[in-house]
Amino acid sequence: MATAFADEESIAVPAIISKKKQLLSSSLKRTSEWILSQDIPSDLTVHVGDATLNLHKLPLISKSGYIHKLISKPTTDSKIKTIDIKSIPGGIEGFEFASKFCYGVDFEITIENVALLRCVAEFLEMTEEYAADNLITRTEFFLQEVALTQITSAITVLHKSETLLPAAERVKLISRCIDSIAYMTCKDQQLSRSPLNDANRNSSGFNPKPIVDWWADELTVLRIDIFQRVLVAMKARGFKEQAFGPLVMLYAQKSLRSLDIYGRAKKKIDPKQEHEKRIILETIVSLLPRERNSMSVSFLSMLLRASIYLDTTVACRLDLEKRMALQLGQAVLDDLLIPSFSEDEVFDVDTVKRILTNYIEHEGDGSRLDYATDDDLISLPPTDAAQVGRLMESYLAEIATDPNLNIEKFIGLGELVPEQARFNEDGMYRAIDIYLKAHPTLGDVDRKRVCRLMDCQKLSREACAHAAQNDRLPAQTVVQVLYSEQQRLRDSSMYSASFMGGDSPSGARYQSQSTNEVSRLQRENDELKMELFKMKMKMKESSGPLVYRETQASSTNAPRSADKPPLPKKSFINSVSKTLGKINLFLRSDSVGTTKTRAKPPKDRRHSIS
């Protein structure tokens, strides 16, 4: 019985205390209203930063433990007390909200000011110990029931808390907002995913393009360090990593839009702003999903341009270059036209060379796995080599117009283009022709080095016809082009002759077609004959050893031709072959010349004629 009575008494005591606090709070509210209505002189001076406020002690000490402790200190002046409040969250604005609450002035708590009120209430110690339903209690109720129940409102509170650090961290407002956002975004992602789409994705193995969620734009207002913490919390809650791509892309586009990364000259910006942009970019790169194709090549190219512009760390740039290399088959020419931001050269050729090198390394080892994630390993598909070859030939043609482009860089990049990635050499010939046109002062040796980049045997007939009349090419290259075309025509004639004849109707039709083809080839042979004759005359004038060889060959054959009767007219093929045999110094053939006193030329490279 005594125990039961004691329990009832212990329950009744807090209720009595709470009731007394409510009565005291009501009384203080009436007192504050009376003070305001009677215009009673102030007895307290408060300095907050540069502002000075004349207030009354009673309303403030009735609800603020911090002010109560300051006023309780002994002083020589008993009438007017002066206190100095430093480092209060929000400055004068936060203290004005707190003083209004102490005086009983009504104001609305919103998602815009609840973070400020919560931090100020914690700083001024406005707890239930001093007044019932104090400011801390009210702000906590608003946070739990209103602000942290929706994604947009939680993001707004988090954004407002960024200016209240470290006070917002002490009351755990930052972490609570981040946890609420992570929980609600993951829940929203789970609700928005259709079971039918999941079944189709699992059966086909195809990942559909992620859609930017309706709340993604709200996250872009956050500071980069807070944004990073939000993404980490979302991932911990189960948010799919491949869905981070649109979020990171949207944040990067908004935070880096002020940079002129597409211009050829680097503009001066404020050092502080440049440092902030650099931190943002490096953090964004670290947040990129590791899954291949989660980001577009154009977006990676934009980040790489910004990385060069802001001079980020080497690790950041190499990471972006490697990512671009994995998706080089999806790139277009504009993605590779990265400005050098220097006066020496227009384009950053070294960066593109490293990207191509990474691509070749991964392409050469198809079994090697590129990026490892927590769930799977991704390998490089081997189906885009031809597209990469055409892309690099277009890039070479574009950068060839730069008059300041070093020949070593042009040749070095051209030699990296895989041979199996080039269906023919027309693209490489076009790039070489543009480079020779843009650099007319190149010597013969340099022009020969540039021309070694192409294989004349893989040129199309149109390219051969153009090269045969191109004065910018070295004479040896032109002869090699003509010889390659002649060999092609000879092979075509032999192939056509092997199928001529036959009693079947199809054989007769093919014979008629082959006859027309041979006639057309004969006309082309006549044209080539004239070109060879012109080249021979030109080389006689410019090359002494060639004249000597031809003179010696003609003097050797003279007696024999004089003793024998004239032979019937020779075919064009035999005539051209014998003519080319006389100038074998410039051909790939390994045959020895008729003059025994001259040394045998060494074997050349596959695509070299010098």
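Residues numbered from 1 in each chain as written. Predicted model: local features only at pLDDT ≥ 70, side-chain atom pairs only at ≥ 80, totals over all residues. Heavy atoms only, no water.

## Thoughts on the overall build of the protein
Part 1: For the protein, the count of helices and strands is 27 helices and 5 strands.
Part 2: Taken across its 610 residues, the protein has 43% of its residues classed as buried.
Part 3: When contacts within the protein are restricted to residue pairs at least 6 apart in sequence, those whose partners lie at least 24 apart make up 72%.
Part 4: Counting every atom, the protein has about 33300 Å² of accessible surface; 54% of that belongs to carbon and sulfur. (Helix = DSSP H or I, 4+ residues; strand = E, 2+ residues; numbered from the N terminus. Buried < 20%, exposed > 50% of the residue type's maximum accessible area, 1.4 Å probe, protein only. Contact = heavy atoms within 4.5 Å. Areas by Shrake-Rupley, 256 points an atom, 1.4 Å probe, with all protein chains shown as cover.)

## A closer look at the pairing of strand β2 (residues 51-55)
A regular strand places its side chains so that they alternate between the two faces of the sheet.
Part 1: With 5 bridges joining them, strand β1 (residues 44-48) and β2 adopt antiparallel strand pairing. Its bridge partner lying in β2, His47 is registered against Thr52. (Pairing = 2+ DSSP bridges.)

## A look at empty space enclosed by the protein
Empty space among the atoms becomes apparent when a probe as large as a water molecule is rolled across them.
Part 1: Under the definition given, this model contains 1 cavity of 30 Å³ or more.
Part 2: Of the volumes computed, that of the largest cavity is approximately 70 Å³.
Part 3: When grouped by side-chain class, the residues that make up the lining of the largest cavity number 5 nonpolar, 2 polar and 4 charged. (1 Å grid on protein atoms, 1.4 Å probe; cavity = no way out; pocket = protein on both sides within 12 Å on 5 of 7 lines; lining within 4 Å. Points joined across faces, edges and corners; volume = space filled by probe spheres on them. Nonpolar A, V, L, I, M, F, W, Y, C, P; charged D, E, K, R; others polar.)

## Concerning helix α14 (residues 271-287)
Residues separated by three or four positions in an α-helix point in the same direction, a consequence of the helix having 3.6 residues per turn.
Part 1: Its 17 residues place the ends of α14 24 Å apart at the C-alpha level, agreeing with the 24 Å of an ideal helix rising 1.5 Å per residue.
Part 2: The N-cap of α14, judged by a side-chain oxygen 3.2 Å from the amide nitrogen of Lys272 a few residues on, is Asp270. (Expected span 1.5 Å × (residues − 1). Polar contact = N/O pair within 3.5 Å; in protein donor to acceptor, adjacent residues only side chain to side chain.)

## Side note on the pattern of salt bridges
If charged atoms from side chains of opposite charge come close, those side chains can pair.
Part 1: Considering all chains together, one arrives at 21 salt bridges under this definition.
Part 2: Here Arg118 and Glu140 are joined by a salt bridge, their closest N and O atoms 2.6 Å apart. Here Glu140 lies in helix α6 (residues 135-145) and Arg118 lies in helix α5 (residues 114-123), a separation of 22 residues in the sequence. For the residue pair Arg118 and Glu140, the accessibility class agrees, reading buried in each case.
Part 3: Arg176 is the partner of Glu140 in a salt bridge, and the nearest nitrogen-oxygen pair spans 2.9 Å. Taken as a pair, Glu140 in helix α6 and Arg176 in helix α9 (residues 173-192) lie far apart in primary sequence, 36 residues in all.
Part 4: With a relative accessible area of 24%, Arg176 lands in the partly exposed category. (Salt bridge = Lys/Arg side-chain N within 4 Å of Asp/Glu carboxyl O.)

## Things to note about the packing of aromatic side chains
Part 1: A complete count under the given rule lists 7 aromatic pairs for this structure.
Part 2: Between the aromatic rings of Phe227 and Tyr251, the centroid separation amounts to 4.3 Å while the plane-to-plane angle is 15°, which identifies the pairing as stacked. With a gap of 24 residues between them, Phe227 in helix α12 (residues 224-237) and Tyr251 in helix α13 (residues 244-255) connect regions that are remote in the sequence.
Part 3: Using a relative accessible area of 1% as the deciding quantity, one classes Phe227 as buried.
Part 4: Both rings, one in Phe239 and one in Phe244, keep their centres 5.3 Å apart while their planes meet at 15°; by these two values the pair is stacked.
Part 5: For Phe239, a relative accessible area of 3% puts it in the buried group.
Part 6: Aromatic ring contacts, followed pair by pair, group Trp215, Phe239 and Phe244 into a single cluster. (Phe/Tyr/Trp six-rings, centres within 6.5 Å; stacked < 30°, edge-to-face > 60°.)

## Considerations on the nonpolar core
Part 1: The biggest cluster of nonpolar side chains holds 146 residues, and the ones touching the most others in it are Phe95, Leu303 and Tyr395.
Part 2: A total of 10 residues in this core trace back to one element, the largest contributor, which is helix α15 (residues 297-310).
Part 3: Tyr395 has contacts with Leu333, Leu336, Leu337, Phe347, Asp348, Val349, Val352 and Leu413, leaving out every residue within four places of it along the chain. (Core = buried A, V, L, I, M, F, W, Y, C linked by side-chain atoms within 4.5 Å.)

## Quick look at the confidence of the model for the protein
Part 1: On average, residues of the protein carry a pLDDT of 75, and 66% of them reach 70 or more.
Part 2: Every residue in residues 1-21 is under pLDDT 50, and counting partners more than four places away or in other chains gives 3 contacts.
Part 3: Contacts for the low-pLDDT stretch residues 545-610, under 50 throughout, to residues beyond four places or in other chains number 76 contacts. (pLDDT = per-residue confidence, 0-100.)

## What about the sheet that holds β1?
Part 1: Reading across the sheet, the 3 strands line up as β2-β1-β3 and stay open at both edges, with mixed pairing between neighbours. The outermost strands of the open sheet, each flanked by one partner alone, are β2 and β3 (81-85). Taking the axes of each pair of neighbouring strands and ignoring which way they run, one obtains an average angle of 20° across the sheet. (Axes fitted to C-alpha atoms, helices over the stretch in contact; angles between N-to-C directions.)

## Brief notes about the packing of helix α21 (residues 426-438) against helix α23 (residues 461-468)
Part 1: Where α21 contacts α23, the axes come no closer than 10 Å and their chain directions differ by 25°. One element, α21, and the other, α23, form an angle in the roughly parallel class. When you trace α21 past α23, the crossing you get is left-handed. Each of Asp426, Tyr429 and Asp433 in α21 lies in contact with α23, whose residues at this interface are Ala463, His466 and Ala467. (Parallel < 35°, antiparallel > 145°, perpendicular 65-115°, else oblique. Left-handed = near helix turned anticlockwise from the far one by under 90°.)

## Thoughts on the packing of helix α19 (residues 385-399) against α21
Two measures define how a pair of helices packs: the angle their axes make with one another and the distance between the axes.
Part 1: Contact geometry for α19 and α21: axes closest at 8 Å, N-to-C directions at 10°. On the basis of their axis angle, the class for α19 and α21 is roughly parallel. Along the contact surface, α19 presents Glu393, Leu396 and Ala397, while α21 presents Gly427, Met428, Arg430, Ala431 and Ile434.
Part 2: Looking at the contact of α19 with α21 residue by residue, the classes come out as 5 nonpolar, 1 polar and 2 charged.

## Points about the environment of Leu303
Part 1: With respect to the element layout, Leu303 can be found in helix α15.
Part 2: With 14 residues separating them along the chain, Leu303 and Arg317 place their C-alpha atoms 8.9 Å apart.
Part 3: Excluding anything up to four places from it in sequence, Leu303 contacts Ala252, Leu256, Leu281, Ile284, Leu288 and Leu320.

## Here we look at the state of the cysteines
Part 1: Summed over all chains, the structure comprises 0 disulfides.
Part 2: As a non-bridged cysteine, Cys451 has Cys456 as the owner of its nearest cysteine sulfur, 7.7 Å distant.
Part 3: Taking the relative accessible area as the measure of exposure, Cys451 reaches 4% and is therefore buried. (Disulfide = S-S within 2.5 Å.)

## A closer look at the environment of Glu425
Part 1: Position of Glu425 among the secondary structure elements: in the loop between α20 (407-416) and α21.
Part 2: Residue Glu425 is classed as buried on the basis of its relative accessible area of 1%.
Part 3: Here the alpha-carbon distance between Glu425 and Glu393, two residues 32 residues apart in the chain, equals 9.2 Å.
Part 4: For Glu425, the residues in contact, after removing those within four places along its chain, are Leu453, Met454, Asp455, Lys458 and Leu459.

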